[in-house]
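Results of the structural survey
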Amino acid sequence: GQQLNQSPQSMFIQEGEDVSMNCTSSSIFNTWLWYKQDPGEGPVLLIALYKAGELTSNGRLTAQFGITRKDSFLNISASIPSDVGIYFCAGQTPWGAGSYQLTFGKGTKLSVIP
Amino acid sequence: NAGVTQTPKFQVLKTGQSMTLQCAQDMNHEYMSWYRQDPGMGLRLIHYSVGAGITDQGEVPNGYNVSRSTTEDFPLRLLSAAPSQTSVYFCASSYSIGNTEAFFGQGTRLTVV
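The sections below set out a description of the structure shown in this document. Every value quoted in this text rests on a predicted model; they were computed, and no experiment measured them.

1. Some details on the state of the cysteines
All names here are of chain B.
- In the structure shown here, the tally under the stated rule is two disulfides over all chains.
- The disulfide partner of Cys23 is Cys91, and the S-S distance across this bridge is 1.9 Å. Residues Cys23 and Cys91 share a disulfide whose torsion about the S-S bond is about -70°; that sign makes it left-handed. Residue Cys23 is located in strand β3 (residues 19-25), and its partner Cys91 is located in strand β9 (residues 87-94); the two are separated by 68 residues in the primary sequence.
- Judged by its relative accessible area of 1%, Cys23 falls in the buried class.

In structure tokens:
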């Protein structure tokens, strides 16, 4: 199956610092998504990107859909303690007859030091 | 709104036992899916459904069955549990197959001993 390479695997940052993480793939995707997962919870959608080159913000979060359609990045500005969690990228591709599949990266575990 | 509700939250099974993980959504979503999450593996698609009465296999379907008799419910059945099925299972739903804004349940942590 398709694979997404998400990096870094983990990050320790000071509160107030900016954060950057990215995903790359050998295949192209129609849509890129970024999710956050808090401990003991399911993933929550942060940002969805639908067009190559698209740059979208959601508060302190900014994500971009790479122009090659094979990569995406997520930036978090001025990190705060509640940013702690695991961040997943996901790419959407067609699957089966008329459906689609989300392929997930392995996640970036973010720790924020107050 | 309850959103996507999964039960149970935790379960321990013995090898060879069967069980059903429940998933219900109250958003009238057409598309529902099951994922498993293993350490260092991200989430992998097990089965999905594009509407009542229609199901299909995902990336890792072996050892699991699903059915979709109503729009709201999408149970996942483990036929004969194996230690390799120890994982966290997530159910997700979205408005339609073209809608990528999937809502996830809180997960079921399953241990097979």
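2. Considering the packing of aromatic side chains
- In this structure the tally under the stated criterion is 10 aromatic pairs over all chains.
- Centroid distance Phe88 of chain A to Phe104 of chain A: 6.4 Å. Interplanar angle 85°. Geometry classified as edge-to-face. Of this pair, Phe88 of chain A sits in strand β9 (residues 85-95) while Phe104 of chain A sits in strand β10 (residues 99-104), placing them 16 residues apart in sequence. Of the two residues, Phe88 of chain A and Phe104 of chain A, both sit in the buried class.
- Seen in terms of ring centroids, Tyr31 of chain B and Tyr48 of chain B are 5.8 Å apart; in terms of plane orientation they differ by 15°. Their pairing is stacked.

3. Considerations on the interface of chain A and chain B
- Residue-level contacts link 23 residues of chain A with 26 residues of chain B.
- Together, the buried faces of chain A and chain B total about 1,900 Å²; carbon and sulfur atoms form 52% of this surface.
- Inspection of the chain A/chain B interface yields zero salt bridges.
- Put simply, the parts of the chain that give the side of chain A that touches chain B at least two residues each are β4 (31-37), β5 (44-49), β9 and β10 of chain A.

4. A word on the pairing of strand β1 (residues 4-7) of chain A
Residues and elements named next belong to chain A.
- Only one face of β1 is buried: it carries Leu4 and Gln6, and the other face, with Asn5 and Ser7, is open.
- Here four bridges tie β1 to strand β3 (residues 19-25), and the two strands are oriented antiparallel to one another. By the bridge assignment for β3, Asn5 is matched with Thr24.

5. Quick word on the sheet that holds strand β7 (residues 61-65) of chain A
All names here are of chain A.
- Pairing is antiparallel in the open sheet, where five strands are placed in the order β1-β3-β8-β7-β6. Of all strands in the sheet, those bounded by a partner on one side alone are β1 and β6 (55-58). Each strand axis lies, on average, 15° off the axis of its neighbour in the sheet, ignoring direction.
- Note: β6 against β7, four bridges, orientation antiparallel. Each residue of the ladder has a partner; that of Leu55, found in β7, is Gln64.

6. As for the pairing of β9 of chain B
All names here are of chain B.
- Among the eight residues that make up β9, eight are buried, leaving the element largely enclosed by the rest of the structure.
- Two elements, strand β4 (residues 31-38) and β9, share seven bridges in a ladder whose sense is antiparallel. Bridging across to β9, Ser33 finds its partner in Ala92.
- With three bridges connecting them, β9 and strand β11 (residues 108-112) associate as antiparallel partners. Its bridge partner being in β11, Val88 is matched across the sheet by Arg109.
- Pairing of β9 with strand β10 (residues 103-104), which is carried by two bridges, proceeds in the antiparallel orientation. Bridge assignment links Ser93 to a residue of β10, and that residue is Phe103.

7. Concerning the nonpolar core
- The biggest cluster of nonpolar side chains holds 21 residues, and the ones touching the most others in it are Trp32, Trp34, Leu74 and Leu110 of chain A.
- Elements represented by at least two residues in this core include exactly β2 (10-14), β3, β4, β5, β7, β8 (71-76), β9 and β11 (108-113) of chain A.

8. Focus: the pattern of salt bridges
Residues and elements named next belong to chain B.
- A full pass over the atoms with the stated rule returns four salt bridges over all chains.
- One salt bridge connects Asp38 with Arg44, and the closest N-O pair in it is separated by 2.8 Å. Like Arg44, Asp38 is buried.
- Members of the salt-bridge network, linked through shared partners, are Arg36, Asp38 and Arg44.

Criteria and thresholds
- Residues numbered from 1 in each chain as written.
- Chains lettered and ligands numbered in written order.
- Predicted model: local features only at pLDDT ≥ 70, side-chain atom pairs only at ≥ 80, totals over all residues.
- Heavy atoms only, no water.
- Disulfide = S-S within 2.5 Å.
- Helix = DSSP H or I, 4+ residues; strand = E, 2+ residues; numbered from the N terminus.
- Buried < 20%, exposed > 50% of the residue type's maximum accessible area, 1.4 Å probe, protein only.
- Phe/Tyr/Trp six-rings, centres within 6.5 Å; stacked < 30°, edge-to-face > 60°.
- Contact = heavy atoms within 4.5 Å.
- Buried area = accessible area lost by both parts, 1.4 Å probe.
- Salt bridge = Lys/Arg side-chain N within 4 Å of Asp/Glu carboxyl O.
- Pairing = 2+ DSSP bridges.
- Axes fitted to C-alpha atoms, helices over the stretch in contact; angles between N-to-C directions.
- Core = buried A, V, L, I, M, F, W, Y, C linked by side-chain atoms within 4.5 Å.

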